[in-house]
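# An overview of the molecular structure
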Amino acid sequence: MVTQLSSPKTQRDWPKIVRDFEVALGKRSVTRRKEELLVYECDGLTSYRQRPAVVVWPRTTAQVAAAVKICDRHNVPFVARGAGTGLSGGALPLEDAVLIVTAPMNQILKVDLENQRVTVQPGVINNWVTQAVSGAGFYYAPDPSSQSVCSVGGNVAENSGGVHCLKYGVTTNHVLGLKLVLPNGDIVEIGGTVPEQPGYDLTGVFVGSEGTLGIVTEITLRILKSPEVISVLLADFTSVEAAGATVSAVISAGIIPAGMEMMDNFSLNAVEDVVQTACYPRDATAILLIEVDGLPAEVAASRDRIAALCKANGARQVTVATAPEERLRLWKGRKAAFAAMGKLSPDYYVQDGVIPRTQLPYVLQEIEALGQNTAIEWPMCSMRGTATCIH
Ligand SMILES: Cc1cc2nc3c(=O)[nH]c(=O)nc-3n(C[C@H](O)[C@H](O)[C@H](O)COP(=O)(O)OP(=O)(O)OC[C@H]3O[C@@H](n4cnc5c(N)ncnc54)[C@H](O)[C@@H]3O)c2cc1C
């Protein structure tokens, strides 16, 4: 959230401010209509709502700079917004503020396969980047579960990660350079087209700064060569602790899977009800999804070793999917876990915890006990429990 200090009670000449925006961006890129503003009153953290005073939709860096300069001139706070899927209220407007929405800036500006980089506007949807280069055997690694709807600009601001962050890192590890508009409207470029530039790591400072340092208008991303082979293992367990212990065992064995995620019985059944993958064992207390990728021999060796570790830690069954459609089916459920909870309850509060790997079994046991001892009653349903997904 980029704001400039001002009193909430400041009297503003909104008609004049709107006219300035209309001159700079065009009439259709500005709104003050209440019903349109309603769409922007919250992001994915729906418990907090606040309608902005004005919404603007710039399409170029110059227009973003012009919009920010107007805010600066009129001493109006502003907040940047991408697709509005954030879960921490970062795109929540302030009262009496301008919301600068970069979603319409959705062009892929340059694909440079030779040097493995792609330059995009901030409104480009995360998985469009992979779609743009997959035909040539490349992909963009950061893959938040919201990747089919969230924007790269939002990913940069939140330093988003996903299933593959275990092996490939989060957004900051894949951003080479940024063009951005500072809170006074100046346009600057930081980083570049190669990693590890000399001087201060300003790109590292900006990525993850949650929109507080400026509005990003162009992003140069690193893309990776697609692995030759990918396999996904599904292991099912009769205890959450055993699944947690397996996570520790795999990492301790020196294997870094491309992704490793866990779902408890509550979560996997919620997902099966909605997505119907037909591959999650509904009677399992917990399941682990473990992806390995690389050269064929490397994948085969890791796959066998992981399957053995799962069995040694009490897995009832381990199944392996290598065909793309089978792998997607296994991941589809996990990726839909958040949305699936909507069927169970009108409200769902997500907590991201960071737990030392060796403490996983203990913490999971405690979470399960808390869930069992906490009854929640709603008019429409009565449920007991917590849903746990781990990555
Ligand atoms: C179902 C679901 C699953 C999710 N899964 C994951 C996950 O696996 N991993 C994960 O990390 N997150 C996840 N998220 C959270 C969210 O999708 C990510 O944080 C995502 O990066 C937000 O992108 P957005 O375009 O929606 O940003 P918004 O919500 O619009 O904005 C997020 C922040 O970025 C700032 N911002 C937006 N655009 C710009 C810009 N151009 N310049 C500067 N600042 C800007 C905003 O001011 C705000 O502070 C999930 C959310 C949902 C709803």
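Each remark here, short or long, concerns the structure printed above.
Scoring rules and cut-offs
- Residues numbered from 1 in each chain as written.
- Predicted model: local features only at pLDDT ≥ 70, side-chain atom pairs only at ≥ 80, totals over all residues.
- Heavy atoms only, no water.
- Helix = DSSP H or I, 4+ residues; strand = E, 2+ residues; numbered from the N terminus.
- Rg over C-alpha atoms; globule rule 2.2 N^0.38 Å.
- Buried < 20%, exposed > 50% of the residue type's maximum accessible area, 1.4 Å probe, protein only.
- Contact = heavy atoms within 4.5 Å.
- Areas by Shrake-Rupley, 256 points an atom, 1.4 Å probe, with all protein chains shown as cover.
- Lys, Arg positive; Asp, Glu negative; His and termini not counted.
- Charge placed at Lys NZ, Arg CZ, Asp CG, Glu CD.
- Near = heavy atom within 4 Å.
- Polar contact = N/O pair within 3.5 Å; in protein donor to acceptor, adjacent residues only side chain to side chain.
- Nonpolar A, V, L, I, M, F, W, Y, C, P; charged D, E, K, R; others polar.
- Domains from an automatic or database assignment.
- Pairing = 2+ DSSP bridges.
- Axes fitted to C-alpha atoms, helices over the stretch in contact; angles between N-to-C directions.
- Core = buried A, V, L, I, M, F, W, Y, C linked by side-chain atoms within 4.5 Å.

### What about the overall build of the protein chain?
Helices and strands together make up the secondary structure of the protein chain, namely 13 helices and 18 strands. On C-alpha atoms alone, the protein chain measures out to a radius of gyration of 23 Å, which is about the 21 Å that the 2.2 N^0.38 rule sets for 391 residues. When its C-alpha atoms are laid out on the principal axes, the protein chain stretches across 70 × 60 × 35 Å. A burial count over the protein chain gives 48% of its 391 residues as buried. Across the protein chain, contacts joining residues at least 24 apart in sequence account for 70% of those joining residues at least 6 apart. Carbon and sulfur atoms make up 53% of the accessible area of the protein chain, which amounts to about 18800 Å² in all. Averaged over its 34 positive side-chain charges, the protein chain has a centre that lies 6 Å from the centre of its 39 negative ones.

### What about the site of the ligand?
In the neighbourhood of the ligand, 31 residues make up the surrounding shell, with Ala-80, Thr-85, Ser-146, Ser-151 and Gly-161 lying closest. At a separation of 2.9 Å, a nitrogen atom of the ligand approaches a polar backbone atom of Val-216. Burial of the ligand by the surrounding chains reaches 89%, relative to a free accessible area of 980 Å². Listing elements by their share of the shell around the ligand, those giving two or more residues are strand S3 (78–81), helix H5 (152–158) and strand S10 (215–222). Ranked by residues supplied to the shell around the ligand, first place goes to H5 with 5 residues. Class assignment for the residues of the shell around the ligand results in 12 nonpolar, 16 polar and 3 charged. Two domains each donate at least three residues to the shell around the ligand, and these are domain 1 (14–101) and domain 2 (108–225).

### Some points on the sheet that holds strand S4 (residues 98–101)
In spatial order, the strands read S1-S2-S4-S3; together these 4 strands make up an open sheet with mixed pairing. Of all strands in the sheet, those bounded by a partner on one side alone are strand S1 (30–31) and S3. Summarising the sheet, strand S2 (residues 54–56) and S4 pair through 3 bridges and their orientation is parallel. Within S4, the residue paired with Val-54 across the bridge is Val-98. Sheet strands in contact with helix H1 (residues 14–25) are S1, S2 and S4, and its direction is about 5° off that of S2. This element, helix H3 (residues 61–74), spans S2, S3 and S4 of the sheet and lies at about 170° to S4.

### Quick notes on the side chain of Ser-248
By the element assignment, Ser-248 lies in helix H8 (residues 240–252). Residue class for Ser-248 comes out buried when judged on its relative accessible area of 13%. When neighbours within four sequence positions are excluded, Ser-248 is seen to be in contact with Arg-357 and Thr-358.

### As for the nonpolar core
If you look at the biggest cluster of nonpolar residues, it comprises 26 residues, and the most contacted ones within it are Ala-235, Phe-237, Leu-288, Ile-290, Ile-306 and Cys-310. Taken together, the elements giving at least two residues each to this core come down to strand S12 (229–237), H8, strand S13 (259–264), strand S14 (286–294), helix H10 (296–312) and helix H13 (360–373). Looking at which element gives the most residues to this core, the answer is H8, with 7 residues. Among all residues touching Cys-310, those that are not within four sequence positions of it are Ala-235, Phe-237, Thr-246, Ile-290, Ala-315 and Val-318. By size, the runner-up hydrophobic cluster in this structure holds 22 residues, among which are Leu-25, Val-54, Cys-71 and Ile-100.

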